[in-house]
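Tertiary structure, described
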Amino acid sequence: MTKLFLHSREMKSVFQLLGENENDISYSVAWGLTQCPSFLKVFLQNVLNWNGSVEEVDIRMQEYEKGKGFTDIEIELTQQFHLIIEAKRGWNLPGIAQLQKYATRTSFLQSPCPDKRLIVLSECSKDYAKHRVPDQVNGFPVEVLSWKDFYQFSKMAHASGTHAEKRLLQELNVYLGSLMTMQKQDSNMVYVVSVGGGSPEGWTITWRDIINKKRRYFHPVGGNGWVKEPPNYIAFRYDGKLQSIHHIEGYEVVTNMSKVFSEAKDEEWEPSFVYHLGAPFSPSNEIKTGNIYPNGRVWCMLDTLFTCSTISEARDLTKSR
């Protein structure tokens, strides 16, 4: 089959030609909901428990109101429901001030619909988002959905859609599938972190055994310089040198580590990524740490860790590229 490339990147969906910033994603989802009644029905069934006709539903994008900004997507059925969707890329969430603007829009307040809600759409899981998004704003419920939810809605709709809908939903799923897991599967960047010799406070297992025996690693989601999006590869350094590189096979967001580790204290944490590590691998020669702060975390292209003599050299070569 003939392949299409844009700036050397293969395009597998027509939606990829539109782009991958937040507005592009919103436009793509809104088009899919508009062109595929089966997709809209599944969405409304799951979010509102609505099983009525969708023929009269209006979907609007980038609606402006002075002092209240633009909305990403609005979905409304007269006398029934009015939804405002705020879409974010990655592990980003809107602040309360932004949600307040939407919840106090004149058009929203004066809407005669009995069911009015704000919907936050992002990569964030519900476990993570519930700590950062209020249950309601100005008396209106706030629902949290992820791109993975929309991906599942699209898959569910595919079974009942027409042939035309199936084709469009297949294109949309390819597009959403490339966005919903912000762990960049095609990236060769390695997140190199330092590992101490002790144990997490109150735990009965060391940091290094968590990595080497449990094949796990965890850190806060964002904050204090930690990443907000899971990397594709992670590497560990201690005792002055690179110890191992791992592909991250999967991840989850956890707020109580005792649910994952029997050796952990039963206590609530800030939301943290827990990575499931693949088999370790490393260069055959020793790679010293080089000029890096003791607790410093750096990014290196995978191949540089096999061609440089130190991690800091690999970091610098990566930056120069």
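Because the structure is a prediction, the values reported are computed rather than measured.

Each helix and strand in the chain was counted, giving 11 helices and 16 strands. Once the C-alpha set of the chain is aligned to its principal axes, its extents read approximately 70 × 55 × 40 Å. Expressed as a percentage of its 321 residues, the buried residues of the chain come to 48%. Excluding contacts between residues fewer than 6 apart, the proportion of contacts in the chain whose partners are at least 24 apart in sequence is 63%. Across the chain, 36 positive and 37 negative side-chain charges occur, with their mean positions spaced 4 Å apart.

With respect to burial, strand β6 (residues 73-77) is a largely interior element, 5 of its 5 residues being buried. The alternating pattern of β6 places Ile-73, Ile-75 and Leu-77 on one face and Glu-74 and Glu-76 on the opposite face, and all of these are buried. Relative to β6, strand β3 (residues 58-61) runs antiparallel, the two being bridged by 4 bridges. Residue Ile-59 lies in a different strand from β6, and its bridge partner there is Ile-75.

Moving on: a nonpolar patch on the surface. A grouping of Leu-4, Leu-6, Val-14 and Leu-17 is seen on the molecular surface, where their side chains present a nonpolar patch of about 350 Å² in accessible area. With respect to the helices and strands, Leu-6 occurs in strand β1 (residues 5-6).

Attention now goes to the pattern of salt bridges. Applying the stated criterion across every chain yields a total of 15 salt bridges. Among the ionic pairs, Glu-286 bridges to Lys-241, the shortest N-O distance being 3.3 Å. Of this pair, Glu-286 sits in the loop between β15 (272-277) and β16 (298-301) while Lys-241 sits in strand β14 (residues 241-254), and the two are 45 residues apart along the sequence. One connected set of salt bridges, linked through shared partners, spans Arg-60, Glu-74, Glu-76 and Arg-105.

Attention shifts here to helix α4 (residues 96-103). Of all the residues in α4, the buried ones are Leu-99, Tyr-102 and Ala-103. Relative to the axis of α4, the buried residues are bounded by an arc of 95° and lie together on one face. Where α4 is buried, its residues contact β5 (69-70), β7 (81-87), α5 (106-109), β8 (115-122), β9 (136-137) and β10 (140-146).

Counting 35 residues, the largest nonpolar core has Phe-39, Phe-43, Ile-75 and Phe-150 as the members making the most contacts within it. The set of elements that each furnish at least two residues to this core consists of α2 (22-35), α3 (37-48), β6, β7, β8, α7 (147-160) and α8 (163-180). Ranked by the residues each element gives to this core, the list is headed by α3, at 7 residues. Judged by nonpolar contacts, the second largest core, of 31 residues, contains Leu-99, Phe-108, Val-142 and Ile-234.

In this section: the packing of α2 against α3. Following both chains from N to C, one finds α2 and α3 inclined at 105°, their axes separated by 5 Å at the closest point. As summarised for this structure, α2 and α3 are arranged roughly perpendicular, according to the angle between their axes. Of the residues in α3, those touching α2 at Val-29, Gly-32, Leu-33 and Gln-35 are Pro-37, Phe-39, Leu-40 and Phe-43. Partitioning the contact of α2 with α3 into residue classes produces 6 nonpolar, 2 polar and no charged.

What counts, and at which threshold
Residues numbered from 1 in each chain as written. Predicted model: local features only at pLDDT ≥ 70, side-chain atom pairs only at ≥ 80, totals over all residues. Heavy atoms only, no water. Helix = DSSP H or I, 4+ residues; strand = E, 2+ residues; numbered from the N terminus. Buried < 20%, exposed > 50% of the residue type's maximum accessible area, 1.4 Å probe, protein only. Contact = heavy atoms within 4.5 Å. Lys, Arg positive; Asp, Glu negative; His and termini not counted. Charge placed at Lys NZ, Arg CZ, Asp CG, Glu CD. Pairing = 2+ DSSP bridges. Patch = residues over 30% accessible without salt bridge, like charges linked within 9 Å, V, L, I, M, F, W, Y side chains within 5 Å. Areas by Shrake-Rupley, 256 points an atom, 1.4 Å probe, with all protein chains shown as cover. Salt bridge = Lys/Arg side-chain N within 4 Å of Asp/Glu carboxyl O. Arc of directions from axis to C-beta. Core = buried A, V, L, I, M, F, W, Y, C linked by side-chain atoms within 4.5 Å. Axes fitted to C-alpha atoms, helices over the stretch in contact; angles between N-to-C directions. Parallel < 35°, antiparallel > 145°, perpendicular 65-115°, else oblique. Nonpolar A, V, L, I, M, F, W, Y, C, P; charged D, E, K, R; others polar.

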